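Report on the structure
In case you want the letters, here they are:
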Amino acid sequence: MTSETTTLPTSEQIRRAPKVLLHDHLDGGLRPGTIVDLARETGYDGLPEADPEKLGIWFREAADSGSLERYLETFAHTCAVMQTKEALQRVAAECAEDLAADGVVYAEVRYAPEQHLEQGLTLEEVVEAVNEGFREGERRARENGHRIRVGALLTAMRHAARALEIAELANRYRDFGVVGFDIAGAEAGFPPTRHLDAFEYLKRENNHFTIHAGEAFGLPSIWQALQWCGADRLGHGVRIIDDIEVSDDGSVKLGRLASYVRDKRIPLEMCPTSNLQTGAATSYAEHPIGLLRRLQFRLTVNTDNRLMSGTTMSREFEHLVKTFRYTLDDMQWFTVNAMKSAFIPFDERLAMINDVIKPGYAELRAEWLFRQVGTTSAASRGSDAV
Ligand SMILES: O=c1[nH]cnc2c1ncn2[C@H]1C[C@H](O)[C@@H](CO)O1
Ligand SMILES: [Zn+2]
């Protein structure tokens with residue numbers, strides 16, 4: 001049988017397929033050329049390279065250290081050039097444009113407002129500048145024939161002590177471009193319960209949050225994020241694999257925490273390339289996404305930091321297609337999972353799934369029907385064609 005359900009999608013199809021991105025850092029996705037421009041405009045002289053191409057390579061290599069802590073050091077340069085309203089607007093607009101050009105139809109992009117106050121902006125000014133940038137990027141994308149909707153997630157840094165303040169900020173801008181909250185930064189030594197007050201506040205406000213957990217630290221971090229803090233989703237969560245036993249005969253046994261995560265349909269924001277760089281996984285082939293997909297966890301595919309990982313949503317899917325032979329059906333499964341797990345209202349998620357995602361994949365799946373037949377004669381093809 002020949003149909004798109006059995007053949008692998010091409011790079012072009014992967015790019016055109018509607019995609020949903022839940023885990024992408026604004027300060028981890030700048031265009032290298034923009035960093036160079038902004039450094040010149042704002043007088044930042046700390047960049048390790050002045051040439052955009054070399055700078056892009058520098059970020060990828062510096063982030064390729066095998067350690068989350070060293071990976072995070074590279075953000076000093078991106079945050080350094082994101083300290084004015086104009087810079088934040090430009091970076092946010094380009095982010096929306098780049099995602100849309102890559103076929104992303106819905107994205108939740110996160111950043112830590114507290115990291116953009118060095119030149120006197122207030123937290124509110126930061127949020128409003130980024131929101132304006134996203135709206136501008138959505139407009140420009142539309143002019144170029146793409147449709148995208150971008151929501152912001154406000155991140156608090158886990159080594160700092162401003163989580164409650166940032167959670168309040170997220171709540172205040174809830175109907176104005178901000179769809180949720182997150183904590184990020186070094187995981188080992190900074191358990192999510194340090195910020196329990198922020199999570200309890202958001203729960204009382206019926207608001208949504210995700211927590212980076214189970215990336216550089218294992219099960220205790222995931223357990224705390226879910227059972228103490230009440231996270232709606234897990235940023236990464238790959239280490240849940242530590243609670244799953246695969247025997248030599250192929251049988252699989254889930255521990256209590258892994259069972260809970262699967263039974264409760266807790267969304268896992270998988271970021272394969274980022275995990276290879278920080279040492280959370282050793283190769284695409286051995287990335288837990290393969291097993292977790294087979295076990296039907298609620299998995300989503302994400303970029304984390306497009307600049308540091310030299311990646312895009314399409315590239316992440318290309319790696320998965322090549323490694324696990326995922327089809328368009330698999331891509332749709334990941335995409336519907338992501339849309340179900342988004343922080344916008346249910347009716348909007350449903351409309352995105354039914355009116356944008358499913359028709360988009362259906363169109364791609366139907367392409368083989370319209371492929372032009374060659375000049376081969378019926379005789380040379382044999383007589384058993386149906
Ligand atoms: O993968 C990550 N794990 C933990 N923290 C991260 C990761 N990627 C980026 N961050 C941090 C660095 C950024 O400055 C911050 C806000 O986007 O979030
Ligand atoms: Zn992240």
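Residue positions are given per chain, counting from 1 as you read along its sequence in written order. Chains carry letters from A onward and ligands carry numbers from 1 onward, assigned in written order. Per-residue local features of the predicted model are confined to residues with pLDDT of at least 70, and side-chain atom pairs are confined, for both listing and counting, to 80 or more; whole-chain, interface and lining totals are unaffected and use all residues. Neither water nor hydrogens contribute to the side-chain values; these are computed over all heavy atoms in the structure.

What counts here: UniProt positions are given in the numbering used here, feature names are shortened, and annotations may be inferred rather than shown by experiment.
By the naming in an unreviewed UniProt entry, the protein chain goes by Adenosine deaminase and is assigned to Streptomyces piniterrae. You can read under Sequence similarities (unreviewed entry) in the UniProt record for the protein chain the words "Belongs to the metallo-dependent hydrolases superfamily. Adenosine and AMP deaminases family. Adenosine deaminase subfamily." Recorded in UniProt under Function (unreviewed entry), the annotation for the protein chain is "Catalyzes the hydrolytic deamination of adenosine and 2-deoxyadenosine."

1. A word on the confidence of the model for the protein chain
Formally: pLDDT measures the predictor's confidence residue by residue and takes values from 0 up to 100.
In this model, the protein chain carries an average pLDDT of 94, and 95% of its residues clear a pLDDT of 70 or more. On the interface metric, ipTM, the complex scores 0.99, and its pTM is 0.95.

2. Notes on the pairing of strand β4 (residues 178-184)
Rules: Residue exposure (1.4 Å probe, protein chains only): buried if accessible area is under 20% of the type maximum, exposed if over 50%, otherwise partly exposed. Here a helix means four or more residues in a row that DSSP labels H or I, a strand means two or more in a row labelled E, and each is numbered from the N terminus. When DSSP finds two or more bridges between a pair of strands, those strands are recorded as paired. With the strands pointing away from the viewer, any crossover whose connection runs clockwise from the first strand over the helix to the second is right-handed.
The buried count for β4 comes to 7 of 7 residues, which makes it a mostly enclosed element. When strand β3 (residues 149-157) meets β4, the two strands line up parallel, connected through 6 bridges. Pairing of Leu-153 across the sheet is with Gly-180, part of β4. Crossover handedness for the path β3 to helix α8 (residues 163-172) to β4: right-handed.

3. Section: the coordination of the zinc ion (ligand 2)
Inclusion rule: Sites may look incomplete because water is not among the atoms; the donors themselves are N, O and S atoms within 2.8 Å of the metal, or within 3.2 Å for Na, K and Ca. All geometry calls rest on donor angles, where a four-donor set with angles between 85 and 135 degrees is tetrahedral, four- and six-donor sets with opposite donors more than 155 degrees apart and all others between 65 and 115 are square planar and octahedral, and all else is irregular.
Bound to the zinc ion (ligand 2) are the protein donor atoms His-23 (NE2), His-25 (NE2), His-212 (NE2) and Asp-304 (OD), situated 2.1 to 2.2 Å from the metal. Bound by 4 donor atoms, the zinc ion (ligand 2) shows angles of 83 to 170 degrees at the metal and therefore irregular coordination geometry. Mapping the donors of the zinc ion (ligand 2) onto the primary sequence gives the spacing H-x1-H-x186-H-x91-D. In this pair, His-212 is assigned in strand β5 (residues 210-213) and Asp-304 in the loop between β10 (299-301) and α14 (306-309), connecting sequence segments 92 residues apart.

4. Details of the UniProt feature "domain: Adenosine deaminase" (unreviewed entry) in the protein chain
Per the UniProt entry, the sites bearing "domain: Adenosine deaminase" (unreviewed entry) are residues 18-358 in this numbering. As annotated, residues 18-358 comprises 49% helix and 15% strand, and the C-alpha atoms at either end are separated by 9 Å.

5. Things to note about helix α11 (residues 256-263)
Because the α-helix completes a turn every 3.6 residues, residues three or four places apart line up on one side. Note the cut-off: Each direction from the helix axis to a C-beta atom contributes to the arc, which is the arc of those directions. Throughout, a contact is declared for two residues whenever any of their heavy atoms are within 4.5 Å.
Among the residues of α11, Leu-257, Ala-258 and Val-261 are the ones counted as buried. The buried residues of α11 occupy an angular sector of 100 degrees when projected down its axis, which confines them to one face. Residues Arg-256 and Asp-263 are exposed on α11 and point more than 90 degrees away from its buried face. Check the buried side of α11 and you find it contacts α10 (219-228), β7 (244-246), β8 (252-254) and β9 (268-270).

6. Overview of the sheet that holds strand β2 (residues 104-111)
Our working definition: A fitted line through C-alpha atoms serves as each axis, taken over the contacting stretch for helices, and the angle formed by two N-to-C directions is quoted from 0 to 180°.
Overall, parallel pairing links the 4 strands, which are arranged β1-β2-β3-β4 in an open sheet. With partners counted over all chains shown, the strands left at the sheet margins are β1 (19-25) and β4, one partner each. Direction aside, neighbouring strands of the sheet carry axes that sit 25 degrees apart on average. For β1 and β2, the ladder comprises 5 bridges, and the chain directions are parallel. Bridged to His-25 within β2 is Arg-110. Of the strands in this sheet, β1 and β2 are in contact with helix α15 (residues 313-324), which crosses β1 at around 110 degrees.

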